Amino acid sequence: MRARAVLEKRLSAEDPLTGALNRRAFLELAAYEVRRSRRSGKPLSVVMADVDHFKPVNDTHGHFVGDEVLVELVRRLRATLREVDAICRWGGEEFVLLFPDAGGDSAARVAERARMAVARTPVATSAGEMSVTLTLGVAVVGDDFEAAVDAADRALYQGKRAGRDRVVVANGSPDRARLRSDEPGSSGP
């Protein structure tokens, strides 16, 4: 009976496809990390990540192949993150990463490692190998977690407009973000 309860708890917290946290579980963890960050005075950063040109994968090869790409993407992201970091499937091909004890520069370096881990090697799928890239937006969490997520999202979309496959950092307070774009292949800020 205990194993079943553990399984049910895990399943209620995970995205069934990728095994990443689902939004509800992620938001609970984020609330905890925000409180911990305030108590400790240590920084907390959030990263929005979106798969570049994902719609053509689904349209051309079908959703099953798109699912294969997403599963491999999460595997690669996990391999670049620290044990304390969290990954959430926010929706579709968009993910949110949470980096406790990491300010903007540290978070941007990890985001750049994640970007390179995805772009470096094509993803093997049942339809053949596919090159996949990510655009990522980084923000430091201030007083308002939602404002930081919004700042990271704005940074991500600035990266999309600037050509994709890059990390963009929202500098300053989450509600008045000054954005800086890093060129693909850079080592971050």
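See the structure shown above.
Residues numbered from 1 in each chain as written. Predicted model: local features only at pLDDT ≥ 70, side-chain atom pairs only at ≥ 80, totals over all residues. Heavy atoms only, no water.

1. Some points on the side chain of asparagine 22
Tracing the backbone shows asparagine 22 in the loop between helix H1 (2–13) and helix H2 (23–40). Accessibility expressed as a relative area gives 18% for asparagine 22, which makes it buried. At a separation of 2.8 Å, a polar atom in the side chain of asparagine 22 contacts the main-chain amide nitrogen of alanine 25. Non-local contacts of asparagine 22, meaning those with residues more than four positions away in its chain, are made with Ser12, Ala13, Glu14, Asp15 and Cys88. (Helix = DSSP H or I, 4+ residues; strand = E, 2+ residues; numbered from the N terminus. Buried < 20%, exposed > 50% of the residue type's maximum accessible area, 1.4 Å probe, protein only. Polar contact = N/O pair within 3.5 Å; in protein donor to acceptor, adjacent residues only side chain to side chain. Contact = heavy atoms within 4.5 Å.)

2. Here we look at the packing of aromatic side chains
Any two aromatic rings considered together are summarised by their centre-to-centre distance and by the angle between their planes. Enumeration according to the criterion identifies two aromatic pairs in this entry. The interplanar angle of 85 degrees and the centroid separation of 6.1 Å between the aromatic rings of phenylalanine 26 and tryptophan 90 together place this pair among those described as edge-to-face. Separated by 64 residues along the polypeptide, phenylalanine 26 in helix H2 and tryptophan 90 in strand E2 (residues 86–91) bring together distant segments of the chain. Residue classification places phenylalanine 26 among the buried residues on the basis of a relative accessible area of 0%. For tryptophan 90, a relative accessible area of 16% translates into the label buried. (Phe/Tyr/Trp six-rings, centres within 6.5 Å; stacked < 30°, edge-to-face > 60°.)

3. Thoughts on the environment of threonine 18
Locating threonine 18 in the fold gives a position in the loop between H1 and H2. Residue classification places threonine 18 among the buried residues on the basis of a relative accessible area of 8%. Along the primary structure threonine 18 and leucine 73 are separated by 55 residues, whereas in three dimensions their C-alpha atoms are 8.7 Å apart. Those residues in contact with threonine 18 that sit more than four places away from it in its chain are Leu70, Val71, Val74, Arg78 and Arg89. At 3.2 Å, the side chain of threonine 18 forms a polar contact with the backbone nitrogen of alanine 20.

4. Here we look at the pairing of strand E6 (residues 134–140)
Extensive coverage of E6 is indicated by the burial of six of its seven residues. Inspection of the sheet shows strand E1 (residues 44–51) paired to E6 by seven bridges, in the antiparallel sense. Across the sheet, methionine 48 pairs through a bridge with glycine 137, a residue of E6. (Pairing = 2+ DSSP bridges.)

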